[in-house]
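These are the residues of each chain, in order.
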Amino acid sequence: MTAAAVTLCFLLRDGENGSEVLLGLKQTGFGKGKIVGIGGHVEPGESHAQAVVREVLEETGVVLRQEDLRDAGSVHFVFPARPEWDMRTSLFTARTWEGEPEPSEEILPGWFRVDTLPVDRMWQDADHWLPVVLEGRRVNVVVTMATDNESVASSRSLLG
């Protein structure tokens, strides 16, 4: 089985108390009830950048331009107990966009301080790679989930 192509984008801004990132409470589907990055599946014929621009618009109403995206690397999620959930996720960050994030059926967006991420409400793997991305660095990580499909069995960087 092939891993699904997925994208995530992390909008960043300077807040009153430091750098902030836009995340969202997932309302439906995979990850419901968790705080997640904004994004989703790459549709046939789309580039990863096109997909993330579309997904951010659909989920938050925010308009991104491809030229404002910064490539932040990738995370390959492996679910040995549920291989149909495997994902190859392209990561992006952006500091420029149009509009203010608004709720959708899928996501309740919210700004979170980068130095106090709500990791207790996120997928457990986020703490393994998200802080690096939010510091402005690239990642190339393989995260293998445990048989409970919630906790991380292993995480390894493919970067030197």
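A. Up close: the pairing of strand 5 (residues 69-78). Sheet topology note: the strand 5/strand 6 (residues 87-94) ladder contains eight bridges and is antiparallel. Bridging across to strand 6, G73 finds its partner in L91. Inspection of the sheet shows strand 5 paired to strand 8 (residues 139-145) by six bridges, in the parallel sense. Each residue of the ladder has a partner; that of F77, found in strand 8, is V143.

B. Main features of the pattern of salt bridges. Inspection of every chain in the model, using the stated rule, returns 14 salt bridges. Between E46 and R54 there is a salt bridge, with its nearest N and O atoms 2.6 Å apart. Among the residues examined, R54 registers a relative accessible area of 19% and is labelled buried. The closest approach of N and O atoms between E67 and R65, which form a salt bridge, is 3.6 Å. Look at E67 and you get exposed, because its relative accessible area is 59%.

C. Up close: helix 1 (residues 48-60). Between its terminal C-alpha atoms helix 1 stretches 18 Å, which fits the 18 Å expected from 13 residues at 1.5 Å a residue. For helix 1, every residue scored as buried is listed here: A49, A51, V52, V53, R54, E55, V56, E59 and T60. The secondary structure elements touched by the buried residues of helix 1 are strand 1 (4-15), strand 2 (18-26), strand 4 (38-41), strand 5, strand 6 and strand 7 (107-113).

D. Main features of unusual backbone geometry. Even without being glycine, N149 reaches a positive phi, approximately 60°. Mapping N149 onto the fold places it in the loop between strand 8 and strand 9 (152-157).

E. Highlighting the nonpolar core. Formed by 43 residues in total, the largest nonpolar core has its most connected members in C9, F10, L64, L69, L91, W129 and L130. Among the elements that take part in this core, strand 1 stands out by supplying six residues, more than any other. When neighbours within four sequence positions are excluded, L64 is seen to be in contact with C9, L11, V53, V56, L69, A94, T96 and W97.

Thresholds, definitions, all that
Residues numbered from 1 in each chain as written. Predicted model: local features only at pLDDT ≥ 70, side-chain atom pairs only at ≥ 80, totals over all residues. Heavy atoms only, no water. Pairing = 2+ DSSP bridges. Helix = DSSP H or I, 4+ residues; strand = E, 2+ residues; numbered from the N terminus. Salt bridge = Lys/Arg side-chain N within 4 Å of Asp/Glu carboxyl O. Buried < 20%, exposed > 50% of the residue type's maximum accessible area, 1.4 Å probe, protein only. Expected span 1.5 Å × (residues − 1). Contact = heavy atoms within 4.5 Å. Core = buried A, V, L, I, M, F, W, Y, C linked by side-chain atoms within 4.5 Å.

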